[in-house]
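# A closer look at the structure
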Amino acid sequence: MLRLLILLISFSLFAEDPFYTPATDKKNLDSQVKITESLPNVLLIGDSISIGYHKGVVKNLSGKANVFRPKTNCGDTNKGVKSLDKWLGNTEWDVIHFNFGLHDLCYRHPDAKVYGNRDKINGTISVPIKQYKQNLELIIKRLKKTNATLIWGSTTFVPEGEAGRNQKDNISYNAKARKIMVQNDIIVNDLFTISKLLPEKFKKTADVHFTSEGSARLATRVAKFIENNLPTTSKHRDVKKTKRPNIILFLIDDLGWNDIACYGSKFYETPNLDQLAKEGFRFSEAYAANPVCSPTRASILLGKYPSRVGLSNHSGSSGPKGPAHKLTPVPVKGNMPLEDITLAEALKEAGYKTAHIGKWHLQSHYDTSRNHFPEKHGFDLNIAGHRMGQPGDFYFPYKSKQHPSTNVPDMEDGKEGDYLTDKLTDKAIQYIKENKDTPFFLNFWYYTVHTPIIPRKDLQKKYEQKSKKIGLDLKVTGTPVLKSMARAQQNNPRYAAMVEAMDENIGRVLTTLKELNIEDETIIVFCSDNGGLSTGTGPNAPTSQLPLKAGKAWVYEGGIRIPFIIKWPGKNGNKELQAPVCTTDIYPTLLDMLKLPAKPRQHLDGLSLAALMTGKASDLNREALFIHYPHYHHINSMGPAGAVRMGDYKLIEYYETGELELYNLKDDIGELDNLVKEQPERAARMLKKLQEWRKESQSPKPELNPNYQAAKDYRIKK
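Residues numbered from 1 in each chain as written. Predicted model: local features only at pLDDT ≥ 70, side-chain atom pairs only at ≥ 80, totals over all residues. Heavy atoms only, no water.

### Notes on the side chain of Ser697
For the record, the criterion: Every helix listed is a DSSP run of H or I at least four residues long, and every strand listed is a run of E at least two residues long, numbered separately from the N terminus. When a residue's accessible area, from a 1.4 Å probe over protein chains only, is under 20% of the maximum for its type it is buried; when over 50% it is exposed; and in between it is partly exposed. In the analysis that follows, any N or O atom pair within 3.5 Å is treated as a polar contact, provided that within protein one partner can donate a hydrogen and the other can accept it, and provided that, for residues neighboring in sequence, both atoms belong to side chains.
Of note, Ser697 is situated in the loop between helix H17 (680–696) and strand S28 (703–704). By relative accessible area, Ser697 is classed as buried at 2%. There is a polar contact of 2.7 Å between the side chain of Ser697 and the backbone oxygen of Trp693. Engagement of the side chain of Ser697 in a polar contact is seen with the side chain of Ser699, the distance being 2.7 Å.

### A closer look at the sheet that holds strand S15 (residues 440–445)
Keep this limit in mind: Each pair of strands is called paired provided DSSP finds at least two bridges between the two strands. For helices, the fitted line uses only the C-alpha atoms of the stretch in contact; every axis is such a line through C-alpha atoms, and the angle between N-to-C directions lies from 0 to 180 degrees. Here, two residues are considered to be in contact whenever any of their heavy atoms come within 4.5 Å of each other.
Reading across from one edge, S14-S13-S15-S9-S18-S21-S10-S22 is the order of the 8 strands in this open sheet, with mixed pairing throughout. In this open sheet, the two strands that pair with only one neighbour each are strand S14 (381–383) and strand S22 (575–577). Ignoring which end each strand starts from, the neighbouring axes of this sheet average 15° apart. Inspection of the sheet shows strand S10 (residues 281–283) paired to S22 by 3 bridges, in the parallel sense. Bridge assignment links Phe283 to a residue of S22, and that residue is Leu577. Across the face of the sheet, helix H11 (residues 420–434) comes into contact with strand S9 (246–252), strand S13 (353–358), S14 and S15 while running at roughly 180° to S15. Against the sheet, helix H15 (residues 586–593) contacts S9, strand S18 (522–528) and strand S21 (564–567), and its axis sits at roughly 170° relative to S18.

### Concerning the sheet that holds strand S19 (residues 535–536)
Pairing within the open sheet is antiparallel, and its 3 strands lie in the order S16-S17-S19. Both outer strands of the open sheet, strand S16 (478–481) and S19, are each paired with one neighbouring strand and no more. Here 4 bridges tie S16 to strand S17 (residues 484–487), and the two strands are oriented antiparallel to one another. By the bridge assignment for S17, Gly478 is matched with Arg487.

### Side note on unusual backbone geometry
Of all residues except glycine, most have a negative phi; of all peptide bonds, most are trans. Here the bond from Thr451 into Pro452 is cis, since omega is 0°, no more than 30 degrees from zero. Here the amide bond leading from Leu546 into Pro547 is cis, since omega sits at 15°, within 30 degrees of zero. Among the secondary structure elements, Pro547 is positioned in the loop between S19 and helix H14 (557–560). With phi around 70°, Asp410 is a residue other than glycine that occupies positive phi space. Along the chain, Asp410 turns up in the loop between S14 and H11. Take Asp410: its relative accessible area is 29%, and that puts it in the partly exposed class. The residue Leu482 is not glycine, and still its phi comes out positive at about 55°. Within the secondary structure, Leu482 is located in the loop between S16 and S17. In this structure Leu482 comes out as partly exposed when scored by relative accessible area, which is 45%.

### A closer look at the environment of Leu102
On the secondary structure map, Leu102 appears in the loop between strand S4 (95–98) and strand S5 (107–108). Not counting residues within four places of it along the chain, the set of residues in contact with Leu102 comprises Asp47, Ile49, Thr155, Thr156, Val158, Arg165 and Val208.

### Observations concerning the pattern of salt bridges
Note the following rule: What makes a salt bridge here is a side-chain nitrogen of Lys or Arg within 4 Å of a carboxyl oxygen of Asp or Glu, nothing more.
The tally for this structure, following the rule as stated, stands at 46 salt bridges. The partner of Arg297 in a salt bridge is Asp253, and the shortest N-O contact between them spans 3.5 Å. Here the residue Arg297 occupies a position in helix H9 (residues 293–302), and Asp253 occupies one in the loop between S9 and helix H8 (271–279), the gap between them amounting to 44 residues. This pair shows no difference in class: Arg297 is buried, exactly as Asp253 is. One connected set of salt bridges, linked through shared partners, spans Lys415, Asp418, Lys423, Asp426 and Arg508.

### Quick look at the nonpolar core
Quick reminder of the rule: Working definition of a nonpolar core: buried Ala, Val, Leu, Ile, Met, Phe, Trp, Tyr and Cys residues. They are joined through side-chain atoms within 4.5 Å.
Ranked by internal contacts, the top residues of the largest apolar core, which has 59 residues, are Ile45, Tyr53, Val57, Ile96, Phe98, Trp152 and Ile226. Setting aside its immediate chain neighbours within four residues, Ile45 contacts Pro70, Cys74, Leu84, Trp87, Ile96, His97, Phe98, Asn99 and Phe100. Leu273, Ala277, Phe444 and Val449 belong to the second largest nonpolar core, which has 54 residues in total.

### Some details on the confidence of the model for the chain
Spelled out, the test is: For every residue, the predictor assigns a confidence score, pLDDT, that lies between 0 and 100.
On average, residues of the chain score 92 in pLDDT, and 94% of them reach the 70 mark or higher. Throughout residues 1–23 the model reports pLDDT below 50, and contacts reaching past four residues in sequence, or to other chains, amount to 28 contacts.

### Focus on the layout of surface pockets
Note the threshold: Using a 1 Å grid laid over the protein atoms alone, points where a 1.4 Å probe fits but cannot get out form a cavity; open sets with protein on both sides within 12 Å along at least 5 of 7 lines form a pocket; any residue with an atom within 4 Å of a point counts as lining. Grid points are joined across faces, edges and corners, and a volume is the space filled by probe spheres set on the points. Classification convention: Asp, Glu, Lys, Arg as charged; Ala, Val, Leu, Ile, Met, Phe, Trp, Tyr, Cys, Pro as nonpolar; all other residues, Gly among them, as polar.
For the largest pocket, the calculated volume is near 1100 Å³. Contributing elements (two or more residues each) for the lining of the largest pocket: helix H5 (167–183), helix H6 (191–196) and helix H10 (343–349). In terms of residue count, H5 provides more of the lining of the largest pocket than any other element does, 7 residues in total. Considered class by class, the residues forming the lining of the largest pocket number 13 nonpolar, 7 polar and 15 charged.

### What to know about the environment of Gln363
Note that Gln363 resides in the loop between S13 and S14. Considered as a pair, Gln363 and Gly316 are 47 residues apart in the sequence and their alpha carbons are 7.2 Å apart. Here His372 takes part through its backbone nitrogen, which lies 2.7 Å from a polar atom of the side chain of Gln363.

### Examining the packing of aromatic side chains
What counts, and what does not: Between rings of Phe, Tyr and Trp, where Trp is taken as its six-membered ring, a pair exists when centres lie within 6.5 Å; planes separated by under 30 degrees are stacked, by over 60 edge-to-face, and by other angles tilted. Working rule: Lys NZ or Arg CZ, within 6 Å of ring centre, within 35 degrees of ring normal, means a charge sits over the ring.
A complete count under the given rule lists 24 aromatic pairs for this structure. Taking the centre distance of 5.2 Å and the plane angle of 70° together, the rings of Phe98 and Trp152 count as edge-to-face. Taken together, the positions of Phe98 in strand S4 and Trp152 in strand S7 (residues 149–153) put the pair 54 residues apart, joining distant regions of the chain. Looking at Phe98, the relative accessible area reads 0%, which means it is buried. According to the relative accessible area criterion, Trp152 is buried, its value standing at 0%. Centroid distance Phe283 to Phe564: 4.9 Å. Interplanar angle 25°. Geometry classified as stacked. Residue Phe283 is located in strand S10, and its partner Phe564 is located in strand S21; the two are separated by 281 residues in the primary sequence. The positively charged end of Arg282 is found above the aromatic ring belonging to Tyr263, 4.9 Å away from the centroid. Note that Lys549 overlies the ring of Tyr556, its terminal NZ or CZ placed 4.2 Å from the centroid.

### Considering the side chain of Arg244
Note the threshold: This count recognises Lys and Arg as positive and Asp and Glu as negative, with His and chain-terminal groups excluded.
Locating Arg244 in the fold gives a position in the loop between helix H7 (212–227) and S9. For the buried Arg244, which has no salt bridge, the nearest side chain bearing the opposite charge is Glu227, at an N-O separation of 10 Å. At 3.5 Å, the side chain of Arg244 forms a polar contact with the backbone oxygen of Asn228. For Arg244, the side chain forms a polar contact with the main-chain oxygen of Leu594, separated by 3.0 Å. When sequence neighbours within four positions are dropped, the list of residues in contact with Arg244 reads Asn228, Asn229, Ala350, Tyr352, Pro439, Leu594 and Leu596.

Structure representation (structure tokens):
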């Protein structure tokens, strides 16, 4: 009854009455000895854990901010609802770091002898999770009225032996709170993970509290989060807060490693990307985490190898199978786990607006809901992203009568003659203009240059004329790759037109940044999701990847090596970086560039590339990169396979036969000279490393198909 009365009073207080402000805030707040008017004001609201790290935060922010906290333990959210106005007082706060949870999820019983009547066996939980949610929403509503930057500190780790609390409640209350904070654009400081990973010597046995050393570690973390969000001076000086850089991540579908001029193309024209490479960092040995699209897309957003989450193929499909295939491919999940923290969600925690524009393809084709669309994975806005991987058409209305499931959504406001690549860019430019004054993450994933190969007509005509002018033979020729054929030359005017349209539109976005004077505060990332589409049963694939071997859907270099450029404002670019890197690295790299805390349990296969770009490191000290494709694909005659790169060497394992191939990529980028017989010991070491990784990452090989019929093998030409 008392709790209900408190809530009724608080509802009335928040809705109608003027806020309570005491005569002097010093009566209710602890602060450092000296207050400097020109510095920002910071308020820490929290339980006894925050009491433990308060002095450390004051020390770490000395000369940077005035730091206060209530003189009392802030307790549970019921107390927070009742006491919040008293704690806020009449001070103008610039940053408020707050947390509630430990007292909410504590079980108490009046007869319990443990301090605070804690008893998780016989007791009743202090604040049920439904009430916890309602209280947090009330608290947030009030805190937002301060116009301060709000940072939520998640509840610290509860050891299982603690007398009054259960670990499962610790996890579920944190999950509920985190969801509420992200929905309200509140920055999230993951103190749960940080405290859980502290060395045992910094924790107290069967107790939620920490030693002085443990509290100091937490203080460093909290102070860093606050410092990263401080304005330059206090609010009453009316100085605008410093703004984090914007991020635009361009992902091009099926663009090959050498499909742009700065990576070697002599036919396709890409002046805007060439200029971006001059201003940024061009990675010459960058890899997609998988040779097809959806898995690589997941690797970017999750920071881990996609096979860890069952996403080793596209569309939620295991691919071709049956009597014509010797192995039974591994089952595939078509959706990213909702419990994973995507790159977009991590950036939302840091106060970013987030938008996805273009191809998504991270929901199973057979799932017709919107349960795994971008808006379920941290994006405030989703334009044109759905479950399918190619557009019905590149011309308005972007639909296909034959395959209506590929009709592009959210693009109904066009007219005849509109070209999809152009119009997606129009949407992106509009978004940038509307959000130029706030940090934004624009995940711009073009549908181009995926099939259907439908070029813009003006550019197709240009390349037809160009080929004649330079004497380029347009006859399609091929070179064999096992029992497939690879296009032997980049001489396709239709594909060239699609590449230039892509480059032209990226140029439009970059020009918009200049016009809005935000070019110098916007990070640009550009890459592809896999190698170029260069192979098939005949030689007429859209592009050529030579000198790389094969293309999309193969674990040879042509299928996994990609163009990758990062422009980092304020850093001297125009550099080629030759260290082997991967799409899993994008997530931790961006966090590092933004000076945000890493999430090592999330992006566990990614490494930050920041030190490479600043020149502080010449390599990543990465032992190996892994590729796992346990599936068949109609454009690939090698069948399921895996690969590992260690240093300059790369080992390939054919899953059907166990056959191995070993190449020194430094000397043999075309993978023509198999060194297995010359270096059997190296091959054995690398195979063991690949096998160990498959076991550790739960990335299984396909099994033998008992119904296989060799005479019907899919590679036999009918």
